[in-house]
Amino acid sequence: MIKLTKGVTLLHFGRAGSTLLATMISQNNLFYNDGEVFEKVRTGTLLLSSIFKTEPERILKKRRQKFFYRDYLVSIKPIPEEHLRDNLLNMSYPKLIQTLKSANIDKYIIIKRKNYLLQVLSGKLAQEWKKYHFREGEKAESIKVRIDVKDFRFGTFKGELIDLFKRFDAYYDEMINETPKALLITYEDDIEHDPFIAYDKIKSYLNLGKERPKIILSKSNTFKNEDVIENYEDVIKYLRGTPYEWML
């Protein structure tokens, strides 16, 4: 395939502002936002996903060829608990990067949320709301969820919450080491208070035009932890004295 356009991947663990950034980038008419392609494969909502399930490079090449005249944007959760799991991509992070490069997707934006507690809380709330994204001006309902610190579920993970957080630390270290030329965006520094901080970094990284996109999504969890975590006292006791206490 002749490489005429950019191929860009948003690498994230979910609930870190990736969808917001994807909507901002894709307002540039040169881009096609293909979303989480391998999530569509996992759920069977991508045409012929059952045929290509074990051939991720073929999927990506087919998708790129379909939209060959536009820059291509795809989002991937590059950890074993999510899209790298045994029954989906079944590969390591370095192998994923090799696969992306083979499909002429060679620009990588790592989106990190430093506060893992708020990240997994946002996921729990979204599951209860049955809604993961809110349009600008919409307000989420105040509800309570339970954080089972000794038996937490995240993708294929089941175990202690701190063990999951330690995995996150290790995964981010690997991503930064294996893709040193990737652009690193952090939710807290670049997205939470002003998404244009992140967008301006991306604009420079991808050499985008001067057009300013609209922000069409709003923050879903605007509540205090104690107002939405049913067993917040248990979570406080569990994280107290650990490297993750500051996340409370």
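Our subject is the structure listed above.
Residues numbered from 1 in each chain as written. Predicted model: local features only at pLDDT ≥ 70, side-chain atom pairs only at ≥ 80, totals over all residues. Heavy atoms only, no water.

> Tell me about the packing of aromatic side chains, and please be specific about residues and values.
Counted by the stated rule, this structure contains 13 aromatic pairs. Here F13 and Y171 contribute two aromatic rings whose centre-to-centre distance is 6.3 Å and whose plane-to-plane angle is 90 degrees, an arrangement assigned as edge-to-face. Placement of F13 in the loop between β1 (7–11) and α1 (18–25) and of Y171 in helix α7 (residues 161–178) is noted, with a sequence separation of 158 residues between them. Accessibility classification places F13 together with Y171 in one group, the buried group. Three or more aromatic residues joined by ring pairs make a cluster, and in this case those are F13, Y116, F154, F165, F168, Y171, Y172 and Y244. K112 extends its terminal NZ or CZ atom over the ring of Y172, reaching a point 5.0 Å from the ring centre. Positioned above the aromatic ring of Y187 is the side chain of R113, whose terminal nitrogen or guanidinium carbon lies 4.2 Å from the ring centre. (Phe/Tyr/Trp six-rings, centres within 6.5 Å; stacked < 30°, edge-to-face > 60°. Helix = DSSP H or I, 4+ residues; strand = E, 2+ residues; numbered from the N terminus. Buried < 20%, exposed > 50% of the residue type's maximum accessible area, 1.4 Å probe, protein only. Lys NZ or Arg CZ within 6 Å of the ring centre and 35° of its normal.)

> Run through the pattern of salt bridges, naming residues and quoting values.
Scanning the model with the defined rule gives 19 salt bridges in all. For K114, the salt bridge is made with D189, and the minimal N-O distance between the two is 2.7 Å. Here the residue K114 occupies a position in the loop between β4 (107–112) and α6 (116–129), and D189 occupies one in helix α8 (residues 187–191), the gap between them amounting to 75 residues. Classification of K114 by relative accessible area gives partly exposed; the value is 31%. The partner of R153 in a salt bridge is D151, and the shortest N-O contact between them spans 3.7 Å. Because the salt bridges share partners, they merge into one network encompassing D34, K40 and R63. (Salt bridge = Lys/Arg side-chain N within 4 Å of Asp/Glu carboxyl O.)

> Account for the pairing of β4, with residues named and values stated.
As judged from the four bridges shared by β1 and β4, these two strands associate in the parallel manner. Residue pairing in the sheet places T9 in a bridge with Y108 of β4. Direction of pairing for β4 relative to strand β8 (residues 183–186): parallel, over a ladder of four bridges. Paired with I110 across the two strands is L184, which belongs to β8. (Pairing = 2+ DSSP bridges.)

> Talk me through helix α5 (residues 93–102); I want residue IDs and the actual numbers.
Spacing of three or four residues puts side chains on the same side of an α-helix, whose turn is 3.6 residues. Taken together, the buried positions of α5 are Y93, L96, I97, T99 and L100. Around the axis of α5, the buried residues are gathered within 160 degrees of arc, so they sit on the same side. Against the buried residues of α5 lie β1, α4 (56–66), β3 (71–76), β4 and α7. Two or three places before K95, at the opening of α5, S92 has a side-chain oxygen 3.2 Å from that residue's backbone nitrogen. Of the residues one or two after α5, N104 is the one with positive phi, at around 60 degrees. (Arc of directions from axis to C-beta. Contact = heavy atoms within 4.5 Å. Polar contact = N/O pair within 3.5 Å; in protein donor to acceptor, adjacent residues only side chain to side chain.)

> Lay out α4 with the relevant residues and their values.
Burial in α4 covers these residues: P56, I59, L60, R63 and R64. Along the axis of α4, the buried positions cluster into a sector of 130 degrees, meaning they face one direction only.

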